[in-house]
Amino acid sequence: MKKVILGLLIMSSLVYSSEYTKQDRMKDMKTMANAMNTIQSGFFYNSFDTVAQGVTTLSDTIEHVKPPIEEVNEKNPMARYMDGKIKMTDKIVKKINQKALTILQRFKDGDTSQAVQAYTKIVRQCMKCHREIRKW
């Protein structure tokens, strides 16, 4: 039993320890942009299934987003500390996940104006990341 558990832990650590590159981040950003478009389409067509599909894709994808290995392995610890990219990314991921669930719940309850407000707050979190981390 202990060997099985140890084996599972080792396998899961190998799977999750893969390096997250800038190309991975770009792929995830495109997926999230498409998910946001799907949510918006669901609002326009008043389709809960479409909104739910977009929210699910967004929530699944945002969990993978983190600074790429080049930023995590910054040689200068002071620069890494001052940038705070890892901490900021974690906060943004958490807020986007919360707001995505709010969209789903509010839209399901028929409160579309609150769902759209939550959508707008997600867009603000996206822009915050692009402004502060990506230096747009």
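This text goes with the structure placed above it.
All values derive from a computational prediction rather than experimental measurement.

1. Overview of the packing of helix 2 (residues 22-44) against helix 7 (residues 112-132)
Item 1. One can describe the packing of helix 2 onto helix 7 by two numbers: an axis separation of 11 Å at closest approach and a directional angle of 160°. Relative to helix 7, the element helix 2 lies roughly antiparallel. Classified by chirality, the crossing of helix 7 by helix 2 is left-handed. Along the contact surface, helix 2 presents Met29, Met36, Ile39, Gln40 and Phe43, while helix 7 presents Ala115, Val116, Tyr119, Ile122, Val123 and His130.
Item 2. Of the residues contributing to the contact of helix 2 with helix 7, the split by class is 9 nonpolar, 2 polar and no charged.

2. Quick notes on the packing of helix 2 against helix 3 (residues 48-62)
Item 1. Two elements in contact, helix 2 and helix 3, have axes separated by 7 Å at closest approach and are oriented at 160°. Judged by the inter-axis angle, helix 2 sits roughly antiparallel to helix 3. As helix 2 runs across helix 3, the sense of the crossing is left-handed. Seen from helix 2, the contacting residues are Asp28, Thr31, Met32, Ala35, Met36, Thr38, Ile39, Ser41, Gly42 and Phe43; seen from helix 3, they are Thr50, Val51, Gln53, Gly54, Val55, Thr57, Leu58, Thr61 and Ile62.
Item 2. Taken together, the residues of the contact of helix 2 with helix 3 break down into 9 nonpolar, 9 polar and 1 charged.

3. A few points about the nonpolar core
Item 1. Among the nonpolar cores identified, the biggest contains 25 residues, and Ile39, Phe43, Val51, Leu58, Ile103 and Ile122 are the most heavily contacted of them.
Item 2. Elements with a minimum of two residues in this core: helix 2, helix 3, helix 6 (85-108) and helix 7.
Item 3. Considering every element that reaches this core, the biggest residue donor is helix 6, with 7 residues.
Item 4. Once residues within four sequence positions are removed from consideration, Val51 is found in contact with Ile39, Gly42, Phe43, Ile103 and Phe107.

What counts and what doesn't
- Residues numbered from 1 in each chain as written.
- Predicted model: local features only at pLDDT ≥ 70, side-chain atom pairs only at ≥ 80, totals over all residues.
- Heavy atoms only, no water.
- Axes fitted to C-alpha atoms, helices over the stretch in contact; angles between N-to-C directions.
- Helix = DSSP H or I, 4+ residues; strand = E, 2+ residues; numbered from the N terminus.
- Parallel < 35°, antiparallel > 145°, perpendicular 65-115°, else oblique.
- Left-handed = near helix turned anticlockwise from the far one by under 90°.
- Contact = heavy atoms within 4.5 Å.
- Nonpolar A, V, L, I, M, F, W, Y, C, P; charged D, E, K, R; others polar.
- Core = buried A, V, L, I, M, F, W, Y, C linked by side-chain atoms within 4.5 Å.
- Buried < 20%, exposed > 50% of the residue type's maximum accessible area, 1.4 Å probe, protein only.

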